[in-house]
Amino acid sequence: MQRINWLDCWKGIGILTVVLGHIVDPIHKYVFWFHMPIFFFISGYLYRNKYSNFVYLRKKIISLLLPYFSFLILFSTIYPFLYPQNSTSIGWLKYIYYQLYGGVYLMGWFGVFWFITCLFFTQQLYDFIFKRVKANDWQMLKVIIVCYSLAMLNLWFLKFKFPLGINVLAFAIIFYWLGNITARKSIKLNLIPVIVAIIIFATAVVADIFGFINFNFDMKYTQYGIIGLNIVLPLTGIVITQKLAEAIQSTFIGNVFAYLGKISMVVMYIHQPVQLLLNDFLISNKLIRVVVAIGFSCIIYEVISRSWFTRKMLLGEGTVMR
C-alpha cells in the first residue's frame, strides 16, 4: 500500500501521545482522553471493503496477531530474569495464564498489548457487519448505537475481566466506524470545527482541574467516563491532532512524525520495557526516558526490518498500527 504522508504524520503524533501518556504524569489523564481513539479512528479510515471475510481475517492474523504473540513470547521470556520477584510471587502457572489471557491482566511491559487484540476483533466484527448490511449507513448507525449501549452496560454493571480485551471493541468500534465514514464520505475539516474542538477540550481540562467535572477515561479498563462526553472529548483530540498533522506534514518535524507513524507498532511494543527499565535501574528523569524509549524503538525497527524473518514475525510484513 502506498504511504500517505499526512496519515503517517498523524500516527506519529498519536504514538508520541501514547509514550508521553505512559511517562509524563501531569498530562497522563488528558492524553488518555484521546490517544487510543485516534488509532481506532485511523484504522477505520484505512478500512477498505475489498477482501472476503476469510482473506481479511488471514491478513490481519499475519499483520497483527503474529507480531503480538512474537513480542509477547519474547518479553515474557526476558521479564522473569529481570523481575523474578514479580513473576514468581504469583506462581509460574498463573504468570503464564495471565500472559495468555491478556487484556487487563497484562501490565507493565505488556500494558499496551490489549490494544492489538482489541483492534483485531474490532476490525473483524466491523468487516463482518459492514458486508452483511451492504455498507448501509443507517443500518451501521443502529449497530453502533447497540455497541455503545453495550459498552455503557459494561461500564456500569459488568466487571468481568474479558480475555484479550475483547469487550472493549464495543466502544472502540464507534471510533472505527467514524473513521471509516469520514473516509467514505470524504469529509474534510475547515478551521471552524478545529477551533470548536480546541475550545471544548481546553474547557474540559480547566473544568477537570478545578473539580467541576471528573472525567476519567481509560479504554483498557472500560473506564469510559461521562456518557456523551466520552464520545465528544476523544473526537476533539482526533480533530485537533488530524489538523495538526495536515499542517506540519511538509515540514522537517512533520517528516519526523511521519517516520514515527511508519514504525508506530514497534514504538508501541518497545517503549514500555525501555522506559520502565530506565526508571527501575538507571534514571527516573521523564524527558530522558521519553527520548531514549523512542530512540531505542527506532534502532530496533531498523534492525528487525532488515531481515525477512523478523519482518514477518515482529512486523507482520507491515510497519504501522492499522
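Residues numbered from 1 in each chain as written. Predicted model: local features only at pLDDT ≥ 70, side-chain atom pairs only at ≥ 80, totals over all residues. Heavy atoms only, no water.

A. A look at the environment of Ala135. Here Ala135 shows up in the loop between α7 (114-132) and α8 (137-156). Classification of Ala135 as partly exposed rests on a relative accessible area of 29%. With 179 residues separating them along the chain, Ala135 and Leu314 place their C-alpha atoms 33 Å apart. The contact partners of Ala135, leaving out residues within four places of it in the chain, are Phe130 and Arg184. (Helix = DSSP H or I, 4+ residues; strand = E, 2+ residues; numbered from the N terminus. Buried < 20%, exposed > 50% of the residue type's maximum accessible area, 1.4 Å probe, protein only. Contact = heavy atoms within 4.5 Å.)

B. The arrangement of a positive patch on the surface in detail. A surface patch of positive charge is lined by Arg48, Lys50, Arg58 and Lys59. Mapped onto the elements, Lys59 comes out in helix α4 (residues 53-82). The class of Lys59 is partly exposed, set by a relative accessible area of 33%. (Patch = residues over 30% accessible without salt bridge, like charges linked within 9 Å, V, L, I, M, F, W, Y side chains within 5 Å. Areas by Shrake-Rupley, 256 points an atom, 1.4 Å probe, with all protein chains shown as cover. Salt bridge = Lys/Arg side-chain N within 4 Å of Asp/Glu carboxyl O. Lys, Arg positive; Asp, Glu negative; His and termini not counted. Charge placed at Lys NZ, Arg CZ, Asp CG, Glu CD.)

C. The confidence of the model for the protein, seen in detail. When pLDDT is averaged along the protein, the result is 92, and 97% of the positions lie at 70 or above. Confidence, read as mean pLDDT per element, is least for helix α5 (residues 84-88) in the protein (71) and greatest for helix α3 (residues 35-46) (97). (pLDDT = per-residue confidence, 0-100.)

D. Focus on helix α9 (residues 169-184). Helix length check: α9, at 16 residues, gives a terminal C-alpha distance of 21 Å against a target of 22 Å (1.5 Å per residue), a fit within 8%. Within α9, 15 of the 16 residues are buried, which leaves the element mostly enclosed by the surrounding structure. Remark: Ser186 follows α9 within two positions and exhibits a positive phi of approximately 50°. (Expected span 1.5 Å × (residues − 1).)

E. Representation of the nonpolar core. Ranked by size, the top nonpolar core spans 101 residues in total, and within it Trp33, Phe113, Phe171 and Met219 carry the most contacts. By residue number, the principal contributor to this core is α9, which donates twelve residues. When near neighbours in sequence (up to four residues on either side) are disregarded, Met219 contacts Met36, Pro37, Phe40, Trp114, Val168, Phe171, Ala172 and Tyr224. (Core = buried A, V, L, I, M, F, W, Y, C linked by side-chain atoms within 4.5 Å.)

F. Highlighting α3. For α3, built from twelve residues, the straight-helix expectation of 16 Å at 1.5 Å per residue is met to within 8% by its first-to-last C-alpha distance of 17 Å. The buried fraction of α3 amounts to twelve of the twelve residues, a majority that puts the element mostly inside the structure. Along α3, the positions that sit buried rather than exposed are His35, Met36, Pro37, Ile38, Phe39, Phe40, Phe41, Ile42, Ser43, Gly44, Tyr45 and Leu46.

G. Up close: the pattern of salt bridges. This structure, assessed with the given rule, holds eight salt bridges. The salt bridge partner of Asp127 is Lys131, with a shortest N-O separation of 2.4 Å. One end of the pair is Asp127 and the other is Lys131, both in helix α7 and four residues apart, which spans about a single turn. Relative accessible area serves as the criterion here: at 1%, Asp127 is assigned to the buried category. A salt bridge links Asp137 to Arg184; its shortest N-O distance comes to 2.8 Å. Here Asp137, found in helix α8, pairs with Arg184, found in helix α9; they are 47 residues apart in sequence, far enough to count as distant. We classify Arg184 as partly exposed; its relative accessible area is 31%. Taken together, the shared-partner salt bridges connect Asp137, Arg184 and Lys185 into one network.

H. Fine view of the side chain of Lys220. Mapped onto the elements of the fold, Lys220 is located in the loop between α10 (191-209) and α11 (229-248). Of the side chains with opposite charge, Asp218 lies nearest to the buried Lys220, which makes no salt bridge, at 7.2 Å. For Lys220, the contacting residues outside a window of four places in its chain are Gly103, Val104, Leu106, Met107, Gly111, Trp114 and Val168.

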